[in-house]
Amino acid sequence: MCNLTCYRFSAMCRCWPCLLAVVVAVVAVCGNARGDEPPQRPNILFAIADDWSYGHASVYGCPWVQTPNFDRVAREGILFQRAFTPNAKCAPSRATILTGRYSWQLEEAGNHMAIFPPKFGGFMERLVADGYVAGYTGKGWGPGIANDAEGRPRAITGKRYSARTAKPPARGISNNDYAANFIDFLRDVPPGKPWVFWYGTTEPHRGYEFQSGVRLGKRLEDIDRVPGYWPDTETVRHDMLDYAVEVEHYDAHLGRILQALDAAGQLDNTLVVCTSDHGMPFPRVKGQAYYHSNHIPLAIRWPQGIRGAGRIVEDVVNFADLAPTFLEVAGVKEAGPIMQPISGNSLVPIFQSEASGQVDPQRDHVLVGKERHDVGRPHDWGYPIRGIYQGDWLLVKNYEPDRWPAGDPETGYLNCDGSPTKSLILEMRRSGQDKRYWSLCFGKRPEYELYNVTTDPDCLHNLAGESRYADLRRRLEQQMVAELTAQGDPRMFGQGDIFDSYPYSSPATANFYERFRRGERLKAGWVNPTDFETEPIEQDAGKQ
């Protein structure tokens, strides 16, 4: 390992002490301009994991996932208990983060594997136009294509930094040295310039090294509970621990980034937002619209702009609120002309309060939904959903209950990543051992679903058909429809089919179902070959 004195050679050296020393040296050479005299406008670090569920952090009380650095951000800032993504899939969720608009307001960008319309600018592009320096490492927006009106690739999350690599702790984890790449970015920022950086891991997205959790010292018995929609077996528990290893990898690099900011004297003037794009890549979670699908971790730290520390906030907030927050703290008065009108509401009033609990009584609900995600249904159809979460309740409306919610069986349930858990559930149905888990994770659903998420967070007991909840269901649906109508959701005007007409970002994926059924050899690398059903499955809608 190199000595700290070798910082002058850091362009060639890749060890962590040397890279950290570069930050210290640059600050010293520049007279510590960014430490002693921070810019009026804060820097912004947006740290987003890929497929990390709410609750899976030690600060949330999880005994089998250790996240000391996320915990630090929460301890020195605000921990949000009820934060949501409106759409639980990578591309549409990230599009909402960037634009401050809901996925049903984003045309093609409301789908997965989409073409991002040039007219929908993002907060990072807007901040660059206002003097910020922008960069990212890892996963920014995607998968999809984001070009400008002239067909040139957009720097939608800034300049890419990816030169530094390091050996990961397990197979399936990227060799991207996220923290080292951040330091390269920090070194490139001119003195006194505010910056915005998107730290986006590809973890804990699949695949995983099976049993890496146990290999790295975790124990199956550390898991306090397995959700009721999966069987509680060693296979599932191994899968959960392997996921935990990847969450902790995100957290470890977050810690190194915070250390680098501290060394540079910039930590306290940096708004640090730590979160995930949606729930974990397991059956009935990612890509769906249940409580565990859309409920995400969120911790925010900014000593110079947040009053109090260690606050736990119960307000319902969502990803549409982030873009207006970033613009407000940066002093940007108008989102346009780069960005379209924003639907979310800034979190700055929560920052400026010293209260915990429910800070703003108006923040009591969120709308969720989806259109077309992964390929694999006839005619490239999606599975349209709209829902509303408010208080104890989640109401979900499935607009096409005759379709398969996780994708058609014969094309591998392509809206659910391949995994040991998925394979086990599919085999349990095929063997006749137990069909309940398959029905919950992959079976067709009724038009309406109503769950008390306080007593039933796994959303196992659908109350929509019970007469005693008829008035509640009607009230929630009326509120949902009224807000979606005001937001211009095409589905509220009988035009929802437009989402199925938008092209995929890769033409090779179009008409996957028909081509596969004709015998064409098509690859779907995110699922296992055994996920494809060889025998047809008949099930009426709503018969779980």
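For the structure itself, consult the block above.
Note on numbering: residues in each chain are counted from 1, in written sequence order. Local features are withheld for residues below a pLDDT of 70 in this predicted model, meaning they are given only at 70 or higher, and side-chain atom pairs are given and counted only at 80 or more; totals for whole chains, interfaces and linings count all residues. Side-chain metrics rest on all non-hydrogen atoms present in the structure, leaving aside hydrogens and water.

**Q** Explanation requested: the overall build of the protein in the structure shown.
**A** What the protein contains, in helices and strands, is 16 helices and 14 strands. Just to be clear, the radius of gyration here is over C-alpha atoms, and the globule rule we use is 2.2 Å times residues to the power 0.38. Taken over the C-alpha trace, the protein has a radius of gyration of 23 Å; the compact-globule value for 544 residues is 24 Å, and the two agree within 12%. Burial status follows relative accessibility: with a 1.4 Å probe on protein chains alone, a residue under 20% of its type maximum counts as buried, one over 50% as exposed, and anything between as partly exposed. When each of the 544 residues of the protein is scored for burial, the buried share is 61%. Whether two residues touch is decided by their heavy atoms; if any such pair falls within 4.5 Å, the residues are in contact. By sequence separation, contacts in the protein at least 24 residues apart represent 75% of the contacts at least 6 residues apart. Entry remark: accessible area of the protein is about 20,700 Å², with carbon and sulfur atoms responsible for 50%. His is not counted here, nor are the chain ends, while Lys and Arg score as positive and Asp and Glu score as negative. In plain terms, the charge of a residue is placed at NZ if it is Lys, CZ if Arg, CG if Asp and CD if Glu. Averaging the positions of the 60 positive and the 67 negative side-chain charges in the protein gives two centres separated by 3 Å. Numbering of helices and strands runs from the N terminus, with a helix taken as a DSSP run of H or I at least four residues long and a strand as a DSSP run of E at least two residues long. Here the Shrake-Rupley method, with its probe set to 1.4 Å, supplies the accessible areas, and only the displayed protein chains count as covering residues.

**Q** Quick question: what am I supposed to make of the state of the cysteines here?
**A** Linking two cysteines covalently through their sulfur atoms gives a disulfide. Any two cysteine sulfur atoms within 2.5 Å of one another count as a disulfide. The tally for this structure, following the rule as stated, stands at zero disulfides. For the unlinked cysteine Cys274, the closest cysteine sulfur is that of Cys62, found at 17 Å. Cysteine Cys416 remains unbridged, with the sulfur of Cys441 as its closest cysteine sulfur at 7.3 Å. Residue classification places Cys416 among the buried positions, given a relative accessible area of 5%.

**Q** I keep staring at the packing of aromatic side chains and nothing clicks. Help me out?
**A** Aromatic ring pairs are defined here through the distance separating the ring centres and the angle between the ring planes. To pair, rings of Phe, Tyr and Trp, with the six-membered ring standing in for Trp, must have centres within 6.5 Å; the planes then decide the type, stacked if under 30 degrees apart, edge-to-face if over 60, and tilted in the middle. Counted according to the given criterion, the structure contains 32 aromatic pairs. Taken together, a centroid distance of 6.1 Å and an interplanar angle of 75° make the contact between Phe46 and Phe326 edge-to-face. Of this pair, Phe46 sits in strand E1 (residues 43–49) while Phe326 is found in helix H10 (residues 322–329), placing the two residues 280 residues apart along the sequence. Here Phe46 falls in the buried class, since its relative accessible area comes to 1%. Put simply, a charge is over a ring when the Lys NZ or the Arg CZ is close to the ring centre, within 6 Å, and near the line of the ring normal, within 35 degrees. The ring of Tyr448 carries the charged tip of Arg473 above its face, separated from the ring centre by 4.1 Å.

**Q** Would you explain the pattern of salt bridges in this entry?
**A** Note on pairing: side chains with opposite charge can pair once their charged atoms come close. Any Lys or Arg side-chain nitrogen located within 4 Å of an Asp or Glu carboxyl oxygen qualifies as a salt bridge. Taken as a whole, this structure holds 41 salt bridges when the rule is applied. In this structure, the salt-bridge partner of Arg187 is Asp184, at a minimum N-O distance of 2.9 Å. Of the two residues, Arg187 and Asp184 both sit in helix H6 (residues 178–188), three residues apart, roughly one turn of that helix. The network of salt bridges with shared partners includes Asp50, Arg94, Lys139 and Asp277.

**Q** Looking at this structure, I do not really get the environment of Pro227. What am I missing?
**A** Examined against the element boundaries, Pro227 turns out to sit in the loop between helix H7 (212–215) and helix H8 (234–263). Here Pro227 falls in the buried class, since its relative accessible area comes to 9%. The contact partners of Pro227, leaving out residues within four places of it in the chain, are Met240 and Asp458.

**Q** I'm lost on the packing of helix H3 (residues 68–75) against H8 in this one. Help?
**A** A pair of packed helices can be characterised by two numbers: the angle between their axes and the separation between those axes. In the contact formed by H3 and H8, the axes pass within 7 Å of each other and the chain directions differ by 55°. Between H3 and H8, the crossing angle belongs to the class labelled oblique. Contact residues: Pro68, Asn69, Phe70, Arg72 and Val73 in H3; Asp251, Ala252, Leu254, Gly255, Leu258 and Asp262 in H8. In this classification, Asp, Glu, Lys and Arg are treated as charged, Ala, Val, Leu, Ile, Met, Phe, Trp, Tyr, Cys and Pro as nonpolar, and every other residue, Gly included, as polar. Class assignment of the residues belonging to the contact of H3 with H8 gives a composition of six nonpolar, two polar and three charged. Orientation is described by lines fitted to C-alpha atoms, with helices fitted over the stretch in contact, and by angles between N-to-C directions that extend from 0 to 180 degrees. Just so you know how the angles are binned, under 35 degrees is roughly parallel, over 145 roughly antiparallel, 65 to 115 roughly perpendicular, and the rest oblique.

**Q** Help me understand the sheet that holds strand E4 (residues 133–138), please; the structure alone is not making it clear to me.
**A** Through backbone hydrogen bonds, the strands of a sheet pair up, either in parallel or in antiparallel fashion. Taking strand neighbours across the sheet as the criterion, the eight strands line up as E6-E4-E7-E1-E8-E9-E2-E10 in an open arrangement whose pairing is mixed. The strands lining the two open edges of the sheet, one partner per strand, are strand E6 (159–160) and strand E10 (311–318). Whether two strands pair depends on DSSP finding at least two bridges between them. Bridge analysis of E1 against strand E7 (residues 195–200) gives five bridges, and the strand direction is parallel. Following the sheet pairing, Ala47 is matched in E7 by Tyr199.

**Q** It is not clear to me how the side chain of Gln105 should be interpreted in this structure. Could you clarify?
**A** Along the polypeptide, Gln105 turns up in the loop between helix H4 (90–99) and strand E3 (114–116). Judged by its relative accessible area of 10%, Gln105 falls in the buried class. Pairing of N or O atoms within 3.5 Å defines a polar contact, subject to two protein rules: one partner must be a possible hydrogen donor and the other a possible acceptor, and residues neighboring in sequence count only if both atoms are side-chain atoms. Within the structure, the side chain of Gln105 is placed 3.1 Å from the backbone oxygen of Gln487, a separation counted as a polar contact.

**Q** Honestly, unusual backbone geometry in this entry has me stumped. Any pointers?
**A** A negative phi holds for most residues other than glycine; trans holds for most peptide bonds. A cis amide bond links Glu203 to the next residue, Pro204, at an omega of 5°. By secondary structure assignment, the location of Pro204 is in the loop between E7 and H7. Each neighbour pair has its own omega, and for Arg206 with Gly207 the value is 10°, a cis peptide bond. Mapped onto the elements of the fold, Gly207 is located in the loop between E7 and H7. Unusually for a residue other than glycine, Arg284 sits at a positive phi of about 70°. Although it is not a glycine, Tyr413 sits at a positive phi angle of roughly 50°. On the basis of relative accessibility, which here comes to 0%, the residue Tyr413 falls in the buried class.

**Q** Explain the pairing of E1 to me, please; I cannot follow it from the model alone.
**A** Regular strands place side chains that alternate from one sheet face to the opposite one. The element E1 is extensively covered by neighbouring structure, given that seven of its seven residues are classed as buried. A two-sided burial pattern is seen for E1, the buried positions comprising Asn43, Leu45, Ala47 and Ala49 on one face and Ile44, Phe46 and Ile48 on the other. When E1 meets strand E8 (residues 270–276), the two strands line up parallel, connected through seven bridges. Residue Ile48 lies in a different strand from E8, and its bridge partner there is Thr275.

**Q** Whenever I open this one, the sheet that holds strand E12 (residues 385–390) confuses me. Can you help?
**A** Reading across from one edge, E11-E12-E13-E14 is the order of the four strands in this open sheet, with antiparallel pairing throughout. Unpaired on one side and paired on the other, strand E11 (365–370) and strand E14 (448–452) mark the two borders of the sheet. Averaged over all neighbouring strand pairs, the angle between strand axes comes to 15°, with direction disregarded. Judged from the six bridges that link them, E12 and strand E13 (residues 393–398) form a sheet pairing that is antiparallel. Note that in E13 the partner of Arg386 across the bridge is Lys397. Across the sheet, helix H14 (residues 470–486) lies against E11, E12, E13 and E14, angled at about 115° from E12, the strand it touches most.

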